[in-house]
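Structure assessment
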Amino acid sequence: MKACDRCLRRSWLVARLAGHLELIRGDRPAVRGVLALSNRRLLAALGGAEQQPIAKQLDQLDIAEQRRRWSAAGATSVCRHDPSYPVGLLELPDPPAALHICGAPERIDQLLAGQAAVAIVGSRRASADGLALAAELGRQLSLCAVTVVSGMALGIDGAAHSGALAAGGRTVAVLACGPERPYPARRRRLHTELCQRALVLSELPPGTAPWRWAFPARNRIIAALARMTVVVEAAERSGSLITAEIAADLGRSVGAVPGWPAAWHSGGANALLRDGAHIIRDARDVLDDAFGVSGVHKPAQRPVPQLTGPQQAVLAAVTDGYSTAASITERCGEPGAAMAALSELELLALLKRCADGSYRVR
């Protein structure tokens, strides 16, 4: 398993522009929008006065040296051109070019193949009951061969990971910093255990500090990795609701644990239930809603069709961040063939046309 040079350059660039992304952190759609841009457009959108120096650094980047540095930090990498890259991430309009992983590389296939995964998220200042339920959900799902995905935060996230580790270790932590960095620092012991027995990953390469924009950005990875997102406890403005919103946008199931109406830490979860989320009382509810009453199934693999040259060019353009018909045809250079390929890729269910007329990879 080895990420290609092109994707690692992209990963380096996102980390290099992390401070620039921080300037627009309050506008989550804007952050997601620029993360979907090609390298050239990303630099133009965020580089400012540093655009040319950063572009020069990118051109001269010694990828072999970066690989050695990241390997020395105990991380391996997988990119979206590798069969081990989680297929659920490809449904995002802004999928990470590469994932940096701490833990045995083969675990990414063991834990995330077939999307037999459920995200468990919630408040950092959780109640004792909420922590106990999150740990029990993590334990029972891990026993049922379901991978528990969360963000290693204080509160519900950490409890879910701990419960899964207690039952065999089917869990994945997604961080908003380099994967080798325990964050928060109080989670150092949990981070060590996750690296030894499970998996820690991030779209940001080793050595990257946590940034505030990266927390909602990492939530999209949590949501996309999982068949279902379960919110155990959350206030009305909790970041966990971002994960649930992204999951719903991806067409995934969303569940929530009902709480006492007057409790501040139940407002967000109760609002999700009001809006149609599944009621979650225990792991059986999760299994029924996410996988069907007969338990966990591995979905059948759809055969990948052989693509023509124009189809491959169009698919590559959309993958690189060209999302409108005009920009795609301009990139491909043959407007007639490109427009025909767009329609064909839609019929093959490899591209999706969104409500605003833009295209994204399914």
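The rules behind these values
- Residues numbered from 1 in each chain as written.
- Predicted model: local features only at pLDDT ≥ 70, side-chain atom pairs only at ≥ 80, totals over all residues.
- Heavy atoms only, no water.
- Axes fitted to C-alpha atoms, helices over the stretch in contact; angles between N-to-C directions.
- Helix = DSSP H or I, 4+ residues; strand = E, 2+ residues; numbered from the N terminus.
- Left-handed = near helix turned anticlockwise from the far one by under 90°.
- Contact = heavy atoms within 4.5 Å.
- Nonpolar A, V, L, I, M, F, W, Y, C, P; charged D, E, K, R; others polar.
- Phe/Tyr/Trp six-rings, centres within 6.5 Å; stacked < 30°, edge-to-face > 60°.
- Buried < 20%, exposed > 50% of the residue type's maximum accessible area, 1.4 Å probe, protein only.
- pLDDT = per-residue confidence, 0-100.
- Pairing = 2+ DSSP bridges.
- Right-handed = clockwise from strand over helix to strand, strands pointing away.
- Polar contact = N/O pair within 3.5 Å; in protein donor to acceptor, adjacent residues only side chain to side chain.
- Arc of directions from axis to C-beta.

**Some points on the packing of helix α8 (residues 128-143) against helix α9 (residues 156-166)**
- Where α8 meets α9, the closest approach of the two axes is 7 Å, and the angle between their N-to-C directions is 35°. For the pair α8 and α9, the crossing hand works out as right-handed. From α8, Gly130, Leu131, Ala134, Ala135, Gly138, Arg139 and Ser142 reach across to α9, where they touch Ile156, Ala159, Ala160, Gly163 and Ala164.
- Class assignment for the residues of the contact of α8 with α9 results in 7 nonpolar, 4 polar and 1 charged.

**Quick word on unusual backbone geometry**
- Residue proline 184 is bonded to the preceding tyrosine 183 through a cis peptide linkage, with omega at 0°.
- Position of proline 184 among the secondary structure elements: in the loop between β5 (171-174) and α10 (188-197).
- The backbone of alanine 145 shows a phi angle near 65°, a positive value even though the residue is not glycine.
- With respect to the helices, strands and loops of the structure, alanine 145 is situated in the loop between α8 and β4 (147-150).
- A positive phi angle, close to 60°, is found at methionine 152, a residue other than glycine.

**Section: the packing of aromatic side chains**
- The tally for this structure, following the rule as stated, stands at 1 aromatic pair.
- With a centroid separation of 5.8 Å and an interplanar angle of 50°, the aromatic rings of tyrosine 183 and phenylalanine 215 are classed as tilted. A residue pair is termed long-range when its members are at least 10 positions apart, and tyrosine 183 in the loop between β5 and α10 and phenylalanine 215 in helix α11 (residues 214-225) qualify at 32 residues.
- Tyrosine 183 sits in the partly exposed class, given a relative accessible area of 37%.

**Looking at the confidence of the model for the protein**
- On average, residues of the protein score 90 in pLDDT, and 95% of them are at 70 or above.
- For residues 294-304, every residue scores under 50 in pLDDT, and the model assigns this stretch 13 contacts once sequence neighbours within four places are set aside.

**Regarding the pairing of β5**
- Side-chain alternation along β5 places Thr171 and Ala173 on one buried face and Val172 and Val174 on a second face that is also buried.
- Alignment of β4 against β5, held across 3 bridges, turns out to be parallel. Bridge pairing links valine 148 to threonine 171 in β5.
- Inspection of the sheet shows β5 paired to strand β6 (residues 199-202) by 3 bridges, in the parallel sense. Counted as the bridge partner of valine 172 is leucine 199 from β6.
- Crossover connection from β5 via α10 to parallel β6: handedness right-handed.

**Details of the environment of glutamate 106**
- Within the secondary structure layout, glutamate 106 lies in the loop between β2 (98-102) and α7 (107-112).
- Relative accessible area serves as the criterion here: at 45%, glutamate 106 is assigned to the partly exposed category.
- As a C-alpha pair, glutamate 106 and histidine 161 span 55 residues in sequence and 19 Å in three-dimensional space.

**A word on the side chain of histidine 100**
- Relative to the helices and strands, histidine 100 is located in strand β2.
- In this structure the side chain of histidine 100 is engaged in a polar contact, spanning 2.9 Å, whose partner is the side chain of serine 77.

**A look at the sheet that holds β5**
- With mixed pairing, the 9 strands of this open sheet are ordered in space as β1-β2-β6-β5-β4-β3-β7-β8-β9. One side of each edge strand has no neighbouring strand; the edge strands of this open sheet are β1 (75-79) and β9 (278-279).
- For β2 and β6, the ladder comprises 3 bridges, and the chain directions are antiparallel. Residue isoleucine 101 lies in a different strand from β6, and its bridge partner there is leucine 201.
- Across the sheet, helix α13 (residues 267-274) lies against β7 (228-231), β8 (253-256) and β9, angled at about 130° from β8, the strand it touches most.

**Points about helix α3 (residues 28-35)**
- Here α3 has its buried residues at Val31, Val34 and Leu35. The buried residues of α3 occupy one face: seen down the axis, they fall within an arc of 105°.
- Of the surrounding elements, those touching the buried residues of α3 are α1 (5-16), α2 (18-22), α4 (39-46) and α11.

**So, the pairing of strand β3 (residues 117-121)**
- Within β3, 5 of the 5 residues are buried, leaving the element largely enclosed by the surrounding structure.
- Across the two faces of β3 the burial is the same, with Ala117, Ala119 and Val121 and Val118 and Ile120 all buried.
- Where β3 and β4 come together, 3 bridges link them in parallel fashion. Its bridge partner being in β4, alanine 119 is matched across the sheet by valine 149.
- Remark: the β3/α8/β4 crossover connection has right-handed handedness.
- For β3 and β7, the ladder comprises 4 bridges, and the chain directions are parallel. Within β7, the residue paired with isoleucine 120 across the bridge is valine 230.

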